[in-house]
Amino acid sequence: MAQKVKSYGIIALGAVLYALAFDWFVAPNQIAMGGVTGLAQIVNALLPMLPVGVLTMVINVPLFLAGWRLLGGHLLVSSLFAMAVSSVAIDVIAWLVAFQPMDPMLASLCGGAGMGFGLGLVFSQGATSGGTDIIGKLLKLKFPWLPTGKLVMVPDMAVVVLAALVFGTVNAALYGLIQMYLLAKVMDGVLYGWDTSRVAYIITDHWEEAVRGLLDMERGVTLLQGQGAYTGAEKRVLLVAFKQREIVPIKRMLREIDPTAFFIVCDAHEVLGEGFGDYQKEEI
């Protein structure tokens, strides 16, 4: 019970942060926004008497029905909660405070970061805030190897273009794209971590010393069997996962042991296991 209360508290916090960023940075500067909130923004621009929050709830109904049928009851309840909190917060904050326009670039950057952080908190609890977030969640079932933030951007693009047409300026779309890109990056940072991990393949004739050096750094090492294509000589290939901040000590250690060692570094996404991330019951 305590865990569920904590989870819904995080969802509520994320939804309020999302609403605050929208009211503070996006709405006053007419930045074209994607998703259902963007559609509500378009309708509100054409019919100002219809609040953005209320429109968001109305447009979300068919998407929530689709999400319930494909993803189950947990998504429906938690996402309805997130959508209700964000929608009400958008209208309440707009009613309480009349935020003034600012530099559009600054608004795009701050709005994207704030909304991305809020959505990241919502998604981290296995929920969505409705709209194209649900579409992104559904796409995640089909393409589980793609980051959630990138998937959310796909349906948002058409809404941004439509919003730019309604606002009558290309700048609205361009600033909207900047805001969306930063939103996706910050969301993925919240979901998958900010300290990017790396995977390295090390090929050296002094592999035993290299293994000892890596173990002394408390890095696990896997030994792979290799063979030189030209010489036919048997080789040991060291496979090691490490945090970005550890790359300098590893390179320094290899240089001392074998300056001619091959050191191939690749980006690693979602490294799970001892010393890295944990497996979650609800994969995002």
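Above this note sits the structure.
Now for a description of the structure that goes with this document.

1. Quick look at the overall build of the chain
Step number 1: Counting secondary structure elements, the chain contains 10 helices and four strands.
Step number 2: For the chain, the proportion of its 284 residues judged to be buried stands at 43%.
Step number 3: Contacts in the chain between residues far apart in sequence, at least 24 positions, make up 72% of those at least 6 positions apart.

2. Observations concerning the packing of helix α5 (residues 104–124) against helix α8 (residues 170–192)
Step number 1: Orientation of α5 relative to α8, taken along the N-to-C sense of each, is 35°, at an axis distance of 7 Å. Both α5 and α8 take part in a crossing whose hand is right-handed.
Step number 2: Class assignment of the residues belonging to the contact of α5 with α8 gives a composition of 17 nonpolar, seven polar and no charged.

3. Some points on the pattern of salt bridges
Step number 1: Inspection of every chain in the model, using the stated rule, returns two salt bridges.
Step number 2: Between D205 and K235 there is a salt bridge, with the nearest N and O atoms lying 3.1 Å from each other. Placement of D205 in the loop between β1 (197–203) and α9 (207–216) and of K235 in strand β3 (residues 234–243) is noted, with a sequence separation of 30 residues between them.
Step number 3: The exposure class assigned to D205 is exposed, which follows from its relative accessible area of 58%.
Step number 4: Owing to a relative accessible area of 26%, K235 belongs among the partly exposed residues under this scheme.

4. Structural notes on the packing of α9 against helix α10 (residues 247–257)
Step number 1: Following both chains from N to C, one finds α9 and α10 inclined at 150°, their axes separated by 10 Å at the closest point. Relative to α10, the element α9 lies roughly antiparallel. Here the hand of the crossing between α9 and α10 comes out right-handed. Contacts between α9 and α10 involve E209, A210, G213 and L214 on the former and, on the latter, I250, M253, L254 and I257.

5. Quick word on a nonpolar patch on the surface
Step number 1: Together, L46, L47, M49, L50, V161, L162, L165 and V166 line one region of the surface with nonpolar side chains, adding up to about 740 Å² of accessible area.
Step number 2: Looking at which element gives the most residues to the nonpolar patch, the answer is helix α7 (residues 148–167), with four residues.
Step number 3: With respect to the helices and strands, L50 occurs in the loop between α2 (35–46) and α3 (52–71).
Step number 4: Here L50 falls in the partly exposed class, since its relative accessible area comes to 32%.

6. Some remarks on the sheet that holds strand β4 (residues 262–268)
Step number 1: Spatially, β2-β3-β1-β4 is the arrangement adopted by the four strands of the open sheet, whose pairing is antiparallel. At either end of the open sheet lies a strand with only one pairing partner, and these are β2 (222–227) and β4. Taking each pair of neighbouring strands and ignoring which way they run, the sheet shows an average axis angle of 25°.
Step number 2: Two elements, β1 and β4, share seven bridges in a ladder whose sense is antiparallel. Bridge pairing links S197 to A268 in β4.
Step number 3: Its contacts with the sheet place α9 against β1, β2 and β3, and it is angled at close to 15° to β3.
Step number 4: Across the sheet, α10 is in contact with β1, β3 and β4; its angle to β4 comes to roughly 165°.

7. What about α9?
Step number 1: Looking only at α9, the buried set comprises A210, V211, G213 and L214. Each buried residue of α9 lies within a common arc of 165° when the element is viewed along its axis, so the set occupies one face.
Step number 2: Of the surrounding secondary structure, the elements contacted by the buried residues of α9 are β1, β2, β3 and α10.

8. Regarding the nonpolar core
Step number 1: Counting 22 residues, the largest nonpolar core has F22, V26, M33 and M115 as the members making the most contacts within it.
Step number 2: Elements represented by at least two residues in this core include exactly α1 (2–26), α3, α4 (73–96), α5 and α8.
Step number 3: For this core, the leading source of residues is α1, giving six residues.
Step number 4: Setting aside residues no more than four positions away along its own chain, F22 makes contact with A27, P28, M33, T37, Q41, V52, I90 and M115.

9. Let's talk about the environment of I90
Step number 1: Among the secondary structure elements, I90 is positioned in helix α4.
Step number 2: Looking at I90, the relative accessible area reads 3%, which means it is buried.
Step number 3: Placed 72 residues apart in sequence, I90 and Y18 show a C-alpha to C-alpha distance of 8.5 Å.
Step number 4: If near-sequence neighbours (up to four positions away) are discounted, I90 is found in contact with A19, F22, D23, T37, V52 and G53.

Here is what the cut-offs are and how they apply
Residues numbered from 1 in each chain as written. Predicted model: local features only at pLDDT ≥ 70, side-chain atom pairs only at ≥ 80, totals over all residues. Heavy atoms only, no water. Helix = DSSP H or I, 4+ residues; strand = E, 2+ residues; numbered from the N terminus. Buried < 20%, exposed > 50% of the residue type's maximum accessible area, 1.4 Å probe, protein only. Contact = heavy atoms within 4.5 Å. Axes fitted to C-alpha atoms, helices over the stretch in contact; angles between N-to-C directions. Left-handed = near helix turned anticlockwise from the far one by under 90°. Nonpolar A, V, L, I, M, F, W, Y, C, P; charged D, E, K, R; others polar. Salt bridge = Lys/Arg side-chain N within 4 Å of Asp/Glu carboxyl O. Parallel < 35°, antiparallel > 145°, perpendicular 65-115°, else oblique. Patch = residues over 30% accessible without salt bridge, like charges linked within 9 Å, V, L, I, M, F, W, Y side chains within 5 Å. Areas by Shrake-Rupley, 256 points an atom, 1.4 Å probe, with all protein chains shown as cover. Pairing = 2+ DSSP bridges. Arc of directions from axis to C-beta. Core = buried A, V, L, I, M, F, W, Y, C linked by side-chain atoms within 4.5 Å.

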